[in-house]
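Per-entry structural report
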Amino acid sequence: MGYSFACADAGAPCPGSFATETKDELLQHLQMHTATAHPDLPNTPEAAAQVGALIKQF
Ligand SMILES: [Zn+2]
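Rules behind the numbers
Residues numbered from 1 in each chain as written. Predicted model: local features only at pLDDT ≥ 70, side-chain atom pairs only at ≥ 80, totals over all residues. Heavy atoms only, no water. Donors = N, O, S within 2.8 Å, 3.2 Å for Na, K, Ca; no water. Tetrahedral: all angles 85-135°; square planar, octahedral: opposite > 155°, others 65-115°. Buried < 20%, exposed > 50% of the residue type's maximum accessible area, 1.4 Å probe, protein only. Helix = DSSP H or I, 4+ residues; strand = E, 2+ residues; numbered from the N terminus. Pairing = 2+ DSSP bridges.

Looking up the protein chain in an unreviewed UniProt entry gives the name DUF1059 domain-containing protein, with the organism given as Longivirga aurantiaca.

As structure tokens, then:
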């Protein structure tokens, strides 16, 4: 069981996808990735909620 997120699911033209065992870990990866690969993305609670809705649990 784990969590995954793919930038493509959010409509971003980016091959980035992440899978971790915990949601906290995934959010940490995403934070680092967005800071380096998507510096133009807004850092707002709304954007975070959107990303959160796209996180898949497996
Ligand atoms: Zn990305």
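The protein atoms that coordinate the zinc ion are Cys 7 (SG), Cys 14 (SG), His 33 (NE2) and His 38 (NE2), at distances spanning 2.0 to 2.3 Å. Of note is the zinc ion, whose four donor atoms meet at the metal with angles of 103 to 114 degrees in an arrangement that counts as tetrahedral. Coordination of the zinc ion draws on donor residues from a single chain, spaced C-x6-C-x18-H-x4-H in sequence. Take His 33 and His 38: they sit in the same class, and that class is buried.

Of the two faces of strand S2 (residues 17–20), only the one carrying Phe 18 and Thr 20 is buried; Ser 17 and Ala 19 on the other face are not. By the bridge criterion, four bridges tie strand S1 (residues 3–6) to S2 in an arrangement that is antiparallel. Note on S2: the bridge partner recorded for Ser 4 is Ala 19.

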